[in-house]
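What follows is the residue order along each chain.
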Amino acid sequence: MSWINRVRNAIPFIAKKETTAETLWHKCPSCADMVFIKEWEENLSVCPRCDHHGRIGPSERFEQILDAGFILLPTPPVQEDPLKFRDSKRYPDRIKAARHSTGDQEALINARGAIEDIPVVMGVQNFAFMGGSMGMGVGAAFIQGINEAIGHKCPYVIFTAAGGARMQEGILSLMQMPRSTVAIRKLHAAGLPYIVVLTDPTTGGVTASYAMLGDIQIAEPNALIGFAGQRVIESTIREKLPEGFQRAEYLLDHGMLDMVVHRRDLRDTLTRAITYLTPRAAA
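Residues numbered from 1 in each chain as written. Predicted model: local features only at pLDDT ≥ 70, side-chain atom pairs only at ≥ 80, totals over all residues. Heavy atoms only, no water.

As annotated in an unreviewed UniProt entry, the protein chain carries the name Acetyl-coenzyme A carboxylase carboxyl transferase subunit beta and is attributed to Sphingobium baderi. Quoted verbatim from the Subunit (unreviewed entry) field of the UniProt record, the comment on the protein chain reads "Acetyl-CoA carboxylase is a heterohexamer composed of biotin carboxyl carrier protein (AccB), biotin carboxylase (AccC) and two subunits each of ACCase subunit alpha (AccA) and ACCase subunit beta (AccD)." (UniProt positions renumbered as here; feature names shortened; annotations may be inferred.)

Okay, here's the thing in structure tokens:
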């Protein structure tokens, strides 16, 4: 061993950077092509080969959509583990693990900022945080976003991504459905727009509540959107469902969405939508 290696190994705080396939390449889950990580990130986490839209978290969404200088809103405090729930793990341990892996306090994060200098409050659900599941924390964050929008007289835009209600909170999770609906009515009473962008996947109780109540319903290409799963529906009605059922394009063709928009065009589309829906001040 050379003297420089001996010195290097003796200093514990020098990071030993390893270059592996995982740090250089990303395998597209749709077409299975290998894409350089840098190319994947520069293309907004969209596959340049097949146009598959990868799942991204709040930090990436805020950076892509909002102007520089946006402010993250603090996560509203709620009672954690109100039912003392435990399955293979304790519920508090699952929350702790989700916070550690994502860096977020809850599955829904809000920010106040602007899109092309138009003031807006924006919420983003993180599917990586316990499947983006809707519990009391998500309900409180949604209401926080609505109240912030009303207080600043601006639209509320939400990017949904969820597997449904959070089973560890039982009926308390399901109560967030009517709570969010009432909050949206308050926003409408104030004459302010509510815009929903559905991303992959948006399912369960989130779809059955605030995800389908937007003034404008936008979705990313091929996003899975539905309430019950396809296999559950097929076993219930005993019929084979159509090709592409519960995908964004199918829902657009059947009138449940207003538009399907590529990720690179979302910022411009939201700018136009907010401009159309926001009441102009009297001259």
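We now examine empty space enclosed by the protein. Tallying each qualifying case throughout the model produces one cavity of 30 Å³ or more. Along the walls of the largest cavity sit L73, P74, T75, P76, L108, I109, N110, A141 and Q144, which together make up its complete lining. Breaking the lining of the largest cavity down by element, the ones donating at least two residues are β4 (108-115) and α6 (136-151). Per-element tally for the lining of the largest cavity: the top contributor is β4, with three residues. (1 Å grid on protein atoms, 1.4 Å probe; cavity = no way out; pocket = protein on both sides within 12 Å on 5 of 7 lines; lining within 4 Å. Points joined across faces, edges and corners; volume = space filled by probe spheres on them. Helix = DSSP H or I, 4+ residues; strand = E, 2+ residues; numbered from the N terminus.)

Turning next to the packing of aromatic side chains. Working definition: an aromatic ring pair is given by the centre-to-centre distance plus the angle between the planes. Following the criterion strictly, the structure yields seven aromatic pairs and no others. With a centroid separation of 4.1 Å and 20 degrees between ring planes, the pair formed by W25 and F36 is classed as stacked. Remark: F36 occurs in strand β2 (residues 34-36) and W25 occurs in strand β1 (residues 25-27); sequence separation between them is eleven residues. Among the residues examined, W25 registers a relative accessible area of 33% and is labelled partly exposed. Since its relative accessible area comes to 42%, F36 is described here as partly exposed. Centroid distance F142 to Y194: 6.0 Å. Interplanar angle 90 degrees. Geometry classified as edge-to-face. Within this pair, whereas F142 is found in helix α6, its partner Y194 is found in strand β7 (residues 194-202), the two being separated by 52 residues in sequence. Like F142, the residue Y194 is buried in the burial classification. Here a set of aromatic residues connected by ring pairs shows up, and it is made of F142, Y156, Y194 and Y210. (Phe/Tyr/Trp six-rings, centres within 6.5 Å; stacked < 30°, edge-to-face > 60°. Buried < 20%, exposed > 50% of the residue type's maximum accessible area, 1.4 Å probe, protein only.)

Attention now goes to the pattern of salt bridges. Under the counting rule described, the total for this entry stands at 14 salt bridges. The residue R55 makes a salt bridge to D200 at a minimum N-O spacing of 3.3 Å. Taken together, the residues R55 in the loop between α3 (37-42) and α4 (58-65) and D200 in strand β7 connect sequence positions 145 residues apart. Overall, D200 belongs to the buried group, its relative accessible area being 17%. E220 is the salt-bridge partner of R61, the closest N and O atoms lying 2.8 Å from each other. (Salt bridge = Lys/Arg side-chain N within 4 Å of Asp/Glu carboxyl O.)

On to the environment of E42. On the secondary structure map, E42 appears in helix α3. For E42, a relative accessible area of 58% translates into the label exposed. Through-space distance from the C-alpha of E42 to that of F227 is 33 Å; in sequence the pair is 185 residues apart.

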